[in-house]
Structure formats: structure tokens, C-alpha cells
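# Observations on the model geometry
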Amino acid sequence: MSEEEPQEQEDEDLQYFVRIGQTDLDGTKSVERSLSEMNGIGRRTARIIANEAGVDRTATFGRLDDDVIDEVVEVVESYADEVPDWLNNRQHDFYSGETTHEIGNDLQLTRQHDINRMKMIDSYKGSRHKRGQKVRGQRTKSTGRTEGTIGVNVEEIREEQAEEAAAEEDDE
């Protein structure tokens, strides 16, 4: 029983949710894994952020002190300034020309703006987006069909034949 009591005390120190920007991260997972759940941050970026903040990437995120969590948040927000341009996810922005690293909802918004711009100027990719077809050159002959029928529906054919046979019998 003495082993169970320290676990309860440790659970009291655990933050189940850690908030970075507008995203709630799981505090029960490791720093690297919970950071990679955020949009715009993958495993490699999460590892770089953990190293820059001076945090063990395998440590449980919710058990860290508030000061350390604040340090991680600062590194996430200033990530674009600390890494080379090729490591950012938004290089040479169309409107501003700057190189930034978008995370969270900002990434989704900028991606949607880019798609809308492609649709407005009626580029090839924009016209594919408009039609709901594949954009990146994938095959469309046999995949990506949006209709519900796949192949031949034998049951419908049998039902139609039965209805036709019943209609012929009624006519006779």
C-alpha cells in the first residue's frame, strides 16, 4: 500500500492539459509526443523545441514546472527565428515575402487562404480543388471516385429482373 500513496501524490502534481496558443496538449504524454500533436509541429520540430528549451524530450509534459512549460511556450512561439529558413513551413509568403513557421489554427487559415487564392486565379491546382478532384497528379482512373457505387451491384440487378418478371406475368 505504501507504493500506491506516492503515485497518488504524483498524480496531484500532474497537469492533464497544457495550453500552448489555442491548443490544449495532453499532459500525460512525453514532451516530444504531446508537442507533435499540435498542427504544424512534427516529431523533428518537437525534438528541436525540446532541445532549445533544455527539457528532456521523454519527460512527462504535465509533470514539468510552470517555469519550464513557459520556456517551452516561448521557444514554440519564437521557433521561426531560431532555425534555418528551410526548416520553416511557410517560406517566402505570397503577400509579405517573409519566412514564418505557422502552428495551430494559423496554419489551417493560411492553407485555406492559399487554396482560395488558387481557386480565384483559376490555376490548374485551383480548378482541381473546385471540382473536388485530386490535385497532386495522382491517378484518377480507378481511385478517388465520389459516387457510392463500386463495381456491379448484383442485388439491384436481381431485384430489377424480379420486378420485370412480375410485370410480365401481370401483363399476361
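Every value quoted in this text rests on a predicted model; they were computed, and no experiment measured them.

Pairs of packed helices are described in terms of their axes, by the angle between the two and the distance that separates them. Contact geometry for helix 6 (residues 105-120) and helix 7 (residues 124-131): axes closest at 7 Å, N-to-C directions at 100°. Taken as axis vectors, helix 6 and helix 7 run roughly perpendicular relative to one another. Within the contact between the two elements, helix 6 uses Ile-115, Met-118 and Lys-119 and helix 7 uses Lys-125, Gly-126, His-129 and Lys-130. Class assignment of the residues belonging to the contact of helix 6 with helix 7 gives a composition of two nonpolar, two polar and three charged.

A few words now on the packing of helix 3 (residues 43-53) against helix 4 (residues 66-77). For the pair helix 3 and helix 4, interaxial distance at closest approach is 9 Å and the crossing angle is 125°. When the axis of helix 3 is compared with that of helix 4, the two are oblique. Taken as a pair, helix 3 and helix 4 cross one another with a handedness that is right-handed. Of the residues in helix 4, those in contact with Ile-49, Glu-52 and Ala-53 of helix 3 are Glu-71, Val-72, Val-75 and Val-76. Grouping the amino acids of the contact of helix 3 with helix 4 by side-chain chemistry returns five nonpolar, no polar and two charged.

Core analysis: the biggest nonpolar cluster contains 23 residues, and Ile-20, Leu-35, Ile-41, Ile-49, Phe-61, Val-72 and Val-76 have the highest contact counts within it. Every element with two or more residues in this core is listed here: strand 1 (17-20), helix 2 (31-36), helix 3 and helix 4. Broken down by element, the residue count for this core peaks at five residues, all from helix 4. In contact with Val-76, not counting residues within four places along its chain, are Ile-20, Leu-35, Ile-41, Ile-49 and Ile-103.

It is worth spelling out helix 3 at this point. Residues lying three or four places apart along an α-helix face the same way, a consequence of the helix completing one turn every 3.6 residues. By the burial criterion, the buried members of helix 3 are Thr-45, Ala-46, Ile-49, Ala-50 and Ala-53. Take helix 3 and look down its axis: the buried residues cluster within an arc of 135°, on one side only. Those residues of helix 3 that are exposed and angled more than 90 degrees off the buried face are Arg-43, Arg-44 and Asn-51. Remark: Gly-54 follows helix 3 within two positions and exhibits a positive phi of approximately 75°.

In this section: the side chain of Arg-90. Mapped onto the fold, Arg-90 is located in the loop between helix 5 (79-82) and helix 6. Looking at Arg-90, the relative accessible area reads 16%, which means it is buried. Side chain to side chain, Arg-90 and Asp-93 meet in a polar contact 2.6 Å long. Discounting residues that sit within four places of it in the chain, Arg-90 has contacts with Glu-98, Thr-99, Thr-100, Glu-102, Thr-110 and Asp-114.

Parameters at a glance
- Position labels on residues start from 1 in each chain and follow its written sequence.
- Only residues with pLDDT of at least 70 are given local features in this predicted model, and only at 80 or more are side-chain atom pairs given and counted; all residues enter the totals for whole chains, interfaces and linings.
- Hydrogens and water are ignored here; the side-chain numbers use all heavy atoms of the structure.
- Helix axes are fitted to C-alpha atoms over the stretch in contact, other axes to C-alpha atoms as well, and angles between N-to-C directions run from 0 to 180 degrees.
- Helix and strand definitions follow DSSP, with helices as H or I runs of at least four residues and strands as E runs of at least two, each counted in order from the N terminus.
- Should an angle lie under 35 degrees it is considered roughly parallel, over 145 roughly antiparallel, and from 65 to 115 roughly perpendicular; all remaining angles are considered oblique.
- Throughout, a contact is declared for two residues whenever any of their heavy atoms are within 4.5 Å.
- In the scheme used here, Gly and all other residues not listed as nonpolar or charged are polar, with Ala, Val, Leu, Ile, Met, Phe, Trp, Tyr, Cys and Pro taken as nonpolar and Asp, Glu, Lys and Arg as charged.
- We call a crossing left-handed when the near helix sits turned anticlockwise from the far one by less than a right angle, and right-handed when that turn is clockwise.
- Working definition of a nonpolar core: buried Ala, Val, Leu, Ile, Met, Phe, Trp, Tyr and Cys residues. They are joined through side-chain atoms within 4.5 Å.
- Exposure is judged per residue with a 1.4 Å probe applied to protein chains only, and the accessible area is read against the type maximum: over 50% gives exposed, under 20% gives buried, and values in between give partly exposed.
- Working note: the arc is built from the helix axis to C-beta atom directions.
- Whenever two N or O atoms come within 3.5 Å, that pair is a polar contact, provided that in protein one can donate a hydrogen and the other can accept it, and provided that, for residues adjacent in sequence, both atoms are side-chain atoms.

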